[in-house]
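If you want the building blocks of each chain, they are given just below.
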Amino acid sequence: AQRVTQPEKLLSVFKGAPVELKCNYSYSGSPELFWYVQYSRQRLQLLLRHISRESIKGFTADLNKGETSFHLKKPFAQEEDSAMYYCALSSIWGNTPLVFGKGTRLSVIA
Amino acid sequence: DAMVIQNPRYQVTQFGKPVTLSCSQTLNHNVMYWYQQKSSQAPKLLFHYYDKDFNNEADTPDNFQSRRPNTSFCFLDIRSPGLGDAAMYLCATSNRLAGDYEQYFGPGTRLTVT
């Protein structure tokens, strides 16, 4: 069964400090991992996906199959990064539903 | 702008009174999804349409039904809402024909059951 675990419900950091949002997954097949973000009063939107290997808004995430992790990182947090972050998992073939973690609320303090 | 639109944004219904939530998209995506999201919880997939093919999640209550009359529109029908059905309902689309599995979400409809 697919499962995504985000151990932190809330993460508070100071502006300029590094950020790491943790995500671990359980999946027997070949996974595709995503990070979705929801800013206040806005819709859920894709932040990044492991296949594209991009850096979006300064965030990066590396898929570690050995540790079954896909942690989201940013070296210097900005106030506008405050939002709800969801890690999500599907198969690379796209034939399984997207499974979301419970989310981590990031609060960046000025 | 091409987008996913949900109406209404807020819906209040009475216990047991049928309610329909609507979703439309201008992205021409072939897959449409309905999620339920309760407070402080992850979005939970209820069902999805791959083109006209309906795919129900095993644990979606029978009380929830869906219709997709055409590519652009998809409806969520709750036949007899209970207090436990109060939640945010999210519609999403994806363009699997193009091999893109990213999901594009609407703003959601917040359902209150009185």
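Residues numbered from 1 in each chain as written. Chains lettered and ligands numbered in written order. Predicted model: local features only at pLDDT ≥ 70, side-chain atom pairs only at ≥ 80, totals over all residues. Heavy atoms only, no water.

Details of the side chain of B:Gln36
Residue and element names in this part refer to chain B.
Moving on, step 1. Among the secondary structure elements, Gln-36 is positioned in strand 4 (residues 31-37).
Moving on, step 2. A relative accessible area of 11% means that Gln-36 is categorised as buried.
Moving on, step 3. Gln-36 has contacts with Ala-42, Pro-43, Lys-44, Leu-46, Phe-64, Asp-85, Ala-87, Met-88 and Tyr-89, leaving out every residue within four places of it along the chain. (Helix = DSSP H or I, 4+ residues; strand = E, 2+ residues; numbered from the N terminus. Buried < 20%, exposed > 50% of the residue type's maximum accessible area, 1.4 Å probe, protein only. Contact = heavy atoms within 4.5 Å.)

Let's talk about the interface of chain B and chain A
Moving on, step 1. In this complex, chain B contributes 17 residues to the contact, which on the side of chain A involves 17 residues.
Moving on, step 2. Summing both partners gives a buried area of about 1500 Å² for chain B against chain A, and 54% of it is carried by carbon and sulfur.
Moving on, step 3. Summed over the shared surface of chain B and chain A, the number is 0 salt bridges.
Moving on, step 4. Inspection of the chain B/chain A interface yields 4 residue pairs in polar contact (both at pLDDT 80 or more).
Moving on, step 5. Going through the elements one at a time, strand 4 and strand 10 (100-105) of chain B are the ones with two or more residues in the side of chain B that touches chain A.
Moving on, step 6. Split into classes, the residues belonging to the side of chain B that touches chain A amount to 9 nonpolar, 4 polar and 4 charged. (Buried area = accessible area lost by both parts, 1.4 Å probe. Salt bridge = Lys/Arg side-chain N within 4 Å of Asp/Glu carboxyl O. Polar contact = N/O pair within 3.5 Å; in protein donor to acceptor, adjacent residues only side chain to side chain. Nonpolar A, V, L, I, M, F, W, Y, C, P; charged D, E, K, R; others polar.)

Topic: the packing of aromatic side chains
Moving on, step 1. One pass over the structure, following the stated rule, counts 13 aromatic pairs over all chains.
Moving on, step 2. Aromatic pair B:Phe64 and B:Tyr89: ring centres 6.1 Å apart, planes at 35°, arrangement tilted. On the criterion of sequence distance, the pair formed by B:Phe64 in strand 7 (residues 64-67) and B:Tyr89 in strand 9 (residues 87-95) is long-range, its members being 25 residues apart. In this structure, B:Phe64 and B:Tyr89 share a single accessibility class: buried.
Moving on, step 3. Here the aromatic cluster, defined as three or more aromatic residues joined through ring pairs, consists of A:Phe34, A:Tyr36, A:Tyr86, A:Phe100, B:Tyr33, B:Tyr35 and B:Phe105. (Phe/Tyr/Trp six-rings, centres within 6.5 Å; stacked < 30°, edge-to-face > 60°.)

A look at the state of the cysteines
Moving on, step 1. Per the counting criterion, the structure on display carries 2 disulfides over all chains.
Moving on, step 2. In this model, A:Cys23 is linked to A:Cys87 through a disulfide, with the two sulfur atoms separated by 2.0 Å. One disulfide, between A:Cys23 and A:Cys87, carries an S-S torsion of -65° and so falls in the left-handed class. In this pair, A:Cys23 sits in the loop between strand 3 (19-21) and strand 4 (24-26) while A:Cys87 sits in strand 9 (residues 83-91), placing the two residues 64 residues apart along the sequence.
Moving on, step 3. For A:Cys23, a relative accessible area of 0% gives the class buried.
Moving on, step 4. In this structure A:Cys87 comes out as buried when scored by relative accessible area, which is 0%.
Moving on, step 5. With its sulfur 1.9 Å from that of its partner, B:Cys23 forms a disulfide with B:Cys91. Between B:Cys23 and B:Cys91 the disulfide shows an S-S torsion of about -75°. By sign, it is left-handed. You can see B:Cys23 sitting in strand 3 (residues 19-25) and its partner B:Cys91 sitting in strand 9, a full 68 residues away along the chain. (Disulfide = S-S within 2.5 Å.)

Quick notes on the environment of A:Arg49
Moving on, step 1. With respect to the helices and strands, A:Arg49 occurs in strand 6 (residues 45-49).
Moving on, step 2. Counting along the chain gives 20 residues from A:Arg49 to A:Gly29, while the straight-line C-alpha distance between them is 17 Å.
Moving on, step 3. The contact partners of A:Arg49, leaving out residues within four places of it in the chain, are A:Glu32, A:Leu33, A:Phe34, A:Phe70, B:Asp100, B:Tyr101 and B:Glu102.
Moving on, step 4. Polar contacts involving the side chain of A:Arg49 include one to the side chain of A:Glu32, which spans 2.9 Å.

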